[in-house]
Amino acid sequence: MTAEPTTLASWTRALRKQLDALGLDSAALCREAGLDPAVLDDPNARCPLSLTTRLWQLAVAASGDPALGLKTSQFVSPTTFHALGYALIASSSLREMFERIVRYHRVVSDALQLELRQLDDVYEFRFRVPPGSPAPAPEALDAFAAIYVRSCRNRLNREFSPLLVQLQRPQPTDPAPWQAVFRAPLQFDAEESLLRFPRAAFEQRLDDGNPELAEHNETVLRRNLEQLQAASCSERVRTCLEAQLPDGEPSAERIAQTLHLSLRSLQRHLAEEGTSYEALLGETRHALALRHMRDPRCSISEIAYLLGFSDSSSFGRAFKRWTGQTPSQYRDGCNNA
């Protein structure tokens, strides 16, 4: 069993670009969702699904646009998905491209299970939420589907469209934006989400394929997957803490439950790694506090909330214990540096 699903911060950056293009304050919305804008600027950072889902909810509310996910897909580039993006644009066919998506998608996000299936003269690309896992925001799934349809058009031709698009999301009041993007038969409230493609187009050889470049990036992707699979218990606990601190200080029992471990197993794993829950809680809060303090738009009381403290005084005492300075003294020093 694994911890809460996570997603590359660069994927969230596409949503921030869309919000900024609409004249909205994406950094403020990130902070309200419990995400540190400074952390999101790190292309290798990963964000807990619960926080990215909250950001999507806030973004849809702020924009008043239920089709926001479709529009956000336009701000996704190959670099958004790191080595996977480059491996996809070097693939020699759409079939190869989607096989790589299925094989390496966990490098970008482990919030979904993907499957590519050939059925006679069609291919079906399915994406579903793993059993027992939280579902991403419907708008995030809209963006996910739109990104890969756009990728097909970029590689094959602009007129290409899937044979069918099924989405588990609720039927929108106005389906016109979805019809405009997918240009295909649409089914909402579906039992499962899938894209259906014609086999002939999927297996057509692409002139701009580059097997050597694709293999080079696959080497990077295999290394990234190995690193993710070898994530320590300490790293998983830190990820859970970052997700749950805005809701108040979580207990060790609650973190153990999130990781599908008994409290005794959690304590044993952490002891084997030379640490403890209490130490990780303090380290995580300390690191997050320093990140938030570097953002002048984030008030001290807001930081206290994001770190799960009951009030600013409790945060102030902890911060002085960590740094030898009060939060105000530390921030004054940052401003004068």
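Residues numbered from 1 in each chain as written. Predicted model: local features only at pLDDT ≥ 70, side-chain atom pairs only at ≥ 80, totals over all residues. Heavy atoms only, no water.

K.L.:
So what's going on with the overall build of the protein chain? Which residues, and what values?
P.N.:
Summing up its helical and strand segments, the protein chain has 18 helices and seven strands in all. Taken over C-alpha atoms, the radius of gyration comes to 22 Å for the protein chain, in line with the 20 Å a tight globule of 337 residues would show. The principal-axis extent of the C-alpha atoms belonging to the protein chain is close to 65 × 45 × 40 Å. Taken across its 337 residues, the protein chain has 50% of its residues classed as buried. In the protein chain, 67% of the contacts between residues at least 6 apart in sequence involve partners at least 24 apart. For the protein chain, the exposed surface amounts to about 15700 Å²; the carbon and sulfur share of it is 48%. Where the 38 positive side-chain charges of the protein chain centre and where its 42 negative ones centre are 2 Å apart. (Helix = DSSP H or I, 4+ residues; strand = E, 2+ residues; numbered from the N terminus. Rg over C-alpha atoms; globule rule 2.2 N^0.38 Å. Buried < 20%, exposed > 50% of the residue type's maximum accessible area, 1.4 Å probe, protein only. Contact = heavy atoms within 4.5 Å. Areas by Shrake-Rupley, 256 points an atom, 1.4 Å probe, with all protein chains shown as cover. Lys, Arg positive; Asp, Glu negative; His and termini not counted. Charge placed at Lys NZ, Arg CZ, Asp CG, Glu CD.)

K.L.:
Before we move on, can you summarise helix α6 (residues 82-89) with the specific residues and values?
P.N.:
Buried residues dominate α6, accounting for six of its eight residues. Among the residues making up α6, those that are buried are His-82, Ala-83, Leu-84, Gly-85, Ala-87 and Leu-88.

K.L.:
Give me the sheet that holds strand β7 (residues 193-198): which residues, what numbers.
P.N.:
In space, the five strands of this open sheet follow the order β3-β4-β7-β5-β6, with mixed pairing throughout. The strands lining the two open edges of the sheet, one partner per strand, are β3 (113-119) and β6 (186-187). Across two bridges, the pairing between strand β5 (residues 164-166) and β6 is parallel. Counterpart to Gln-166 in the pairing with β6 is Gln-187. Lying on the sheet, helix α7 (residues 94-104) is in contact with β3, β4 (122-128) and β7; it crosses β3 at an angle near 150°. Here helix α8 (residues 138-155) sits on the sheet in contact with β3, β4 and β7, set at roughly 150° to β4. (Pairing = 2+ DSSP bridges. Axes fitted to C-alpha atoms, helices over the stretch in contact; angles between N-to-C directions.)

K.L.:
Please give an account of the environment of Leu-35 that cites residues and values.
P.N.:
As for its position among the elements, Leu-35 is in the loop between α2 (26-33) and α3 (37-40). Through-space distance from the C-alpha of Leu-35 to that of Ala-279 is 22 Å; in sequence the pair is 244 residues apart. When sequence neighbours within four positions are dropped, the list of residues in contact with Leu-35 reads Cys-30, Leu-40, Cys-47, Leu-51, Thr-52 and Leu-55.

K.L.:
Before we move on, can you summarise the pattern of salt bridges with the specific residues and values?
P.N.:
Applying the stated criterion to the full structure yields 20 salt bridges. One salt bridge in this structure joins Arg-126 and Glu-124, with 2.7 Å as the shortest N-O distance. Considered together, Arg-126 and Glu-124 belong to a single accessibility category, that of buried residues. A relative accessible area of 3% places Glu-124 in the buried class. Taken together, the shared-partner salt bridges connect Glu-115, Arg-117, Glu-124, Arg-126, Arg-128, Glu-192 and Arg-196 into one network. (Salt bridge = Lys/Arg side-chain N within 4 Å of Asp/Glu carboxyl O.)

K.L.:
Describe the domain arrangement of the protein chain, with residues and values.
P.N.:
Assigned domains of the protein chain: these are domain 1 (67-224) and domain 2 (232-336). Each of domain 1 and domain 2 was reduced to a C-alpha centroid, and the two centroids are 36 Å apart. (Domains from an automatic or database assignment.)

K.L.:
Summarise the nonpolar core; cite the residues concerned and give the values.
P.N.:
Counting 68 residues, the largest nonpolar core has Phe-98, Phe-125, Phe-127, Tyr-148 and Phe-182 as the members making the most contacts within it. Here the element with the most residues in this core is α8; it accounts for 10 residues. With near-sequence residues (within four places) excluded, Phe-125 lies in contact with Phe-98, Ile-101, Val-102, Leu-114, Glu-115, Leu-116, Phe-144, Tyr-148, Ser-193, Leu-194, Leu-195 and Phe-197. If you look at the next biggest cluster of nonpolar residues, it comprises 28 residues, including Leu-245, Tyr-277, Met-293 and Phe-309. (Core = buried A, V, L, I, M, F, W, Y, C linked by side-chain atoms within 4.5 Å.)

K.L.:
An account of the packing of helix α1 (residues 9-21) against α2 is requested, with residue identities and associated values reported.
P.N.:
With their axes 9 Å apart at the nearest point, α1 and α2 run at an angle of 130° to one another. In terms of axis orientation, α1 runs oblique to α2. Residue-level contacts link Arg-16, Leu-19 and Asp-20 of α1 to Ser-26, Ala-27, Leu-29 and Cys-30 of α2. Among the residues forming the contact of α1 with α2, the class breakdown is four nonpolar, one polar and two charged. (Parallel < 35°, antiparallel > 145°, perpendicular 65-115°, else oblique. Nonpolar A, V, L, I, M, F, W, Y, C, P; charged D, E, K, R; others polar.)

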